[in-house]
Amino acid sequence: MGVVVPAGRPTDAELARLAEDAAPFVRLAMVEDVLNLCRANSLWPITFGLACCAIEMMATGMAKYDLARFGAEVFRPSPRQADLMILAGTISRKMAPVVQTLWDQMPEPKWSIAMGGCTISGGPFKYPGEYAIAEGAEKIMRVDVHVPGCPPRPEALIAGILTLEEKIKQGRRFGRTR
Amino acid sequence: MAAPAELVRLLDERGWTAEPPTAHPMSGVSESRWVLPEHLVAAARALKEAGYFYESLTCVDRLDPQGAFELVLTFARWDAPARIGVRVWTPKDTPVPSLAGVFGIAEWNEREAWELFGVEFSGHPKLRWLLLPDGTEFRPLLKSFTAPPPSIYDDSLTAPASPDDRTDPDTHG
Amino acid sequence: MTAQTPTLTAEPLDTYTLNMGPQHPSTHGVLRLVLTLRGEKLVHVDPVIGYGHRGHEKMAENRTYAQFLPNTSRQDYLSGVIYNNAWCEAVEKLAGIPVPERALVARVILAEFNRLASHLMWIGAYLLDLGGWTPQLYTWDDREAILFLLESVTGSRLTYCTGRFGGLSRDLDADFPARARVVLKKLKDRWQEYEDLVEGNVIFVQRTRGVGIFTKEQCQSYGVTGSSLRAAGVAYDVRKVEPYGAYPRFQFDIPTRPESDAFARYWVRVQEMKQSVRIIEQALEQLPDGPILTERGLGSKKRLKLPVGTQYYAVEAARGAYGILLVSEGGTEPYRAKFRVPSYANLAVMQDVMPGYMVADLVGILGSIDVIIPEIDR
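The structure displayed is predicted, hence computed values, not measured ones.

Trainee: In this structure, what is going on with the interface of chain C and chain B? I would like to understand it.
Mentor: In this assembly, 50 residues from chain C lie in contact with 46 residues from chain B. Linking chain C with chain B are 6 salt bridges, by the criterion used here. For Glu112(B), the salt bridge is made with Lys338(C), and the minimal N-O distance between the two is 3.5 Å. For the pair chain C and chain B, the interface holds 22 residue pairs in polar contact (both at pLDDT 80 or more). Broken down by secondary-structure element, the contributors of at least two residues to the side of chain C that touches chain B are strand S3 (41-48), helix H1 (56-62), helix H8 (216-222), strand S6 (309-317), strand S7 (320-328), strand S8 (336-340), helix H12 (342-348) and helix H15 (373-377) of chain C. Each residue belonging to the side of chain C that touches chain B can be placed in one class, and the counts come to 23 nonpolar, 15 polar and 12 charged. Pairing between strand S1 (residues 26-27) of chain B and S6(C): 2 bridges, direction parallel. Within S6(C), the position partnered with Ser27(B) by the bridge is Gln311(C).

Trainee: Could you clarify how one ought to interpret the packing of aromatic side chains in this entry?
Mentor: Aromatic ring pairs are described here by two measures, namely the spacing of the ring centres and the angle between the planes. All names here are of chain C. With the rule as written, the count across this model stands at 27 aromatic pairs over all chains. Ring centres of Tyr244 and Tyr247 lie 5.1 Å apart, and the angle between their planes is 65°; this geometry places the pair in the edge-to-face category. One exposure class covers both Tyr244 and Tyr247, and it is buried. Taken together, the ring pairs connect Tyr65, Phe68, Tyr83, Trp87, Tyr322 and Phe339 into an aromatic cluster. Lying over the aromatic face of Trp140, Arg143 brings its terminal NZ or CZ to 4.8 Å of the ring centre. The positively charged end of Arg209 is found above the aromatic ring belonging to Phe263, 4.2 Å away from the centroid.

Trainee: Any chance you could explain the layout of surface pockets here in plain terms?
Mentor: The probe, sized like a water molecule, is rolled over the atoms to show the empty space still left. A volume near 840 Å³ is recorded for the largest pocket. If you list the elements that add at least two residues to the lining of the largest pocket, you get helix H3 (52-61) of chain A together with helix H4 (101-129) of chain C. A class-by-class count of the residues in the lining of the largest pocket yields 23 nonpolar, 9 polar and 5 charged. Here the second largest pocket defines a volume of roughly 330 Å³. What lines the second largest pocket is a set of 20 residues, among which Arg93(A), Pro133(B), Thr136(B), Phe138(B) and Tyr153(B) lie closest to the centre.

Trainee: Just checking my understanding: could you explain the pattern of salt bridges for this structure?
Mentor: Between side chains of opposite charge, a pair can form when the charged atoms approach closely. Overall, the coordinates contain 48 salt bridges over all chains when judged by the stated rule. Between Glu31(B) and Arg33(B) there is a salt bridge; the shortest N-O distance is 3.8 Å. For Glu31(B), a relative accessible area of 23% puts it in the partly exposed group. The exposure class assigned to Arg33(B) is partly exposed, which follows from its relative accessible area of 23%. Put simply, Lys92(B) and Asp61(B) hold a salt bridge, and the shortest N to O gap is 3.4 Å. Within this pair, whereas Lys92(B) is found in the loop between strand S5 (83-91) and strand S6 (96-97), its partner Asp61(B) is found in the loop between strand S3 (53-60) and strand S4 (68-76), the two being separated by 31 residues in sequence. Salt bridges linked by common partners bring Glu112(C), Arg115(C), Arg230(C), Asp237(C), Arg239(C), Glu272(C) and Glu316(C) together as one network.

Trainee: For this particular structure, what's the right way to read the state of the cysteines?
Mentor: Working definition of a disulfide: a covalent bond connecting the sulfur atoms of two cysteines. Counted by the stated rule, this structure contains 0 disulfides over all chains. Free cysteine: Cys118(A), not disulfide-bonded; nearest cysteine sulfur from Cys150(A) at 5.7 Å.

Trainee: Which parts of the structure should I look at to understand the confidence of the model for chain B?
Mentor: Close reading of the predicted structure is inappropriate where its pLDDT is low. Looking at chain B as a whole, its pLDDT mean stands at 80, while 88% of the residues score no less than 70. Model confidence for chain B, summarised as mean pLDDT per element, is weakest for helix H4 (residues 163-167) of chain B at 47 and strongest for helix H3 (residues 106-117) of chain B at 90.

Trainee: Explain the sheet that holds S5(B) here, please?
Mentor: Residues and elements named next belong to chain B. With mixed pairing, 4 strands are arranged side by side in an open sheet as S2-S5-S4-S3. Each edge of the sheet is formed by a strand with only one pairing partner; in this case those strands are strand S2 (31-34) and S3. Strand-to-strand, the axes of this sheet are offset by a mean angle of 20°, without reference to chain direction. Strand direction decides the pairing type here: S3 and S4, joined by 7 bridges, are antiparallel. The partner of Tyr54 across the bridge, within S4, is Phe75. Across the sheet, helix H1 (residues 4-13) lies against S2 and S5, angled at about 15° from S2, the strand it touches most. Its contacts with the sheet place H3 against S3 and S4, and it is angled at close to 5° to S3.

So, how was this worked out
- Residues numbered from 1 in each chain as written.
- Chains lettered and ligands numbered in written order.
- Predicted model: local features only at pLDDT ≥ 70, side-chain atom pairs only at ≥ 80, totals over all residues.
- Heavy atoms only, no water.
- Contact = heavy atoms within 4.5 Å.
- Salt bridge = Lys/Arg side-chain N within 4 Å of Asp/Glu carboxyl O.
- Polar contact = N/O pair within 3.5 Å; in protein donor to acceptor, adjacent residues only side chain to side chain.
- Helix = DSSP H or I, 4+ residues; strand = E, 2+ residues; numbered from the N terminus.
- Nonpolar A, V, L, I, M, F, W, Y, C, P; charged D, E, K, R; others polar.
- Pairing = 2+ DSSP bridges.
- Phe/Tyr/Trp six-rings, centres within 6.5 Å; stacked < 30°, edge-to-face > 60°.
- Buried < 20%, exposed > 50% of the residue type's maximum accessible area, 1.4 Å probe, protein only.
- Lys NZ or Arg CZ within 6 Å of the ring centre and 35° of its normal.
- 1 Å grid on protein atoms, 1.4 Å probe; cavity = no way out; pocket = protein on both sides within 12 Å on 5 of 7 lines; lining within 4 Å.
- Points joined across faces, edges and corners; volume = space filled by probe spheres on them.
- Disulfide = S-S within 2.5 Å.
- pLDDT = per-residue confidence, 0-100.
- Axes fitted to C-alpha atoms, helices over the stretch in contact; angles between N-to-C directions.

Now the structure itself:
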């Protein structure tokens, strides 16, 4: 039997049958899924380094590790043009409000990667009587992927970006701030 | 003039040096002297004229029992292995004369000593925060400092940044 | 957000204030500059620092001497080996721990490779600041070769922690000299390429010649050190003036240049790289056999107690003179540790140097001094 397209406005039952009939021939993807596929493969990170990890982030973008292979090499200086924030380095208490402002300035949909121990929990700089740092990026914003290391190797950052791409393609976490 | 030994002898002769309040030795320098705070600016000027540059300023909160701060300044030369350690002690509530008028870098170093320890400097252009956020009340490098006031940036206020995000399985899968 | 108070100057009303940073691609991290401009001319520059303040000095008072070792390479993460060695050497000096000959020479080799990596990174980043993307790919390629070599010895790419009190934790492999010579040859083949590509480039020369001139008086007043000072015609290098470690046994020159502009600073750094290669070649020749860590067991002692004393120890880092002032009261932890970082003075002098230049020159001047912000902020 072929695909019977109902005349006029179809009912839900007719639509369901139509989808079932067409399944061998066409893939009915939601526009959202297609968009997410595009977003996942063309991430634009913000040029924004905080400390040591920023050097490894730069190394990831350079010739040997070549982040361009995964479509995430277009580093943008302006938060308005970026959709990925790689938090590379220690967030000090003086810097925390600035990071928050930058995050708020990025348009939706947006994602973030916490790179290195400092943005995960305060890392090596957490000790009794510590007064200078924000103990983890989660204290100030939402984080999608954590990449451990001090600093993580470029391969680890690439793995983090690939994990994020998987996450975006699955349609998780989209359209909500904080 | 340039040799450290001659220079500190000059400081001694002019009566600018003081008796050490602690018998704490200093190594890694050619010569070191305790200088009276009121003669600090004159001593720095003499060092500058002799070709020394201002290398570092360290405040040590060691003389707390005496109610005083210890400042260690080092000066070095470009052409010879000569380093002079100048040490000053001052009661905690008495300002130290600022060297900002003699050496440009002293301005930053003194701002740092002020915000981290609370050392006051007289004659400084403006003592304002250098490394810490503006308006920070505590002096973190004092030995009496134990912990900063509770803030959203550490675990002292336990609530997570956004509770709804954390319980959403779709968000943190 | 806490408002920062810019320095209010008694300038007439034809000036305006422009904020640059802390998130700006040309501020090399998290530096903020509050600029006062008249038209396009800089009238006043007020650097606002502290956005990378992590409390290293407080942390030193909470850690034993050995526990603080990893912190040192996180202050200036581009010359981690040099800082790591400096901390070890300062403690060794105060405690009187002997260091085997092999470790002394190995430290020099690793430190000079680190200096090369740092300068290569700077060249790439500086030319990127001036608008050239391609040189960065070349210098980072060379840098990766050095990092690979260092990684085979230290186990890390960036934040090295191989130093121990009384030597190094790992020995150089038997084939290390051979692999090191391959890297050095690769670098030496690149010098001519850099000269042709960069120093002959009209845009680069026009943007760097005659801008950002430091006078010797300014250098003395602010304590400028490192390549920036040598580009001002002063042959000050801690490795020569106060030789430490194994440096006295190697032949090398201190390149200087009288112009003191941004181009001179570029030139001096490239020449310094050649000298570093020279030092490494000699060190590989003279590398003695023997243990890498002192056998007296002091190096691995977790609870090392230092005698009472105040020790100042200076080394030449990639950016200038790095000093550690270590105060010990006889305990297992430092009573106070102060770090005299080179970028601190090199950035502070900008307040004096910048006024008078055009705002377009600012990036060219700021980039030329090679600042590392987390080092300044500590």
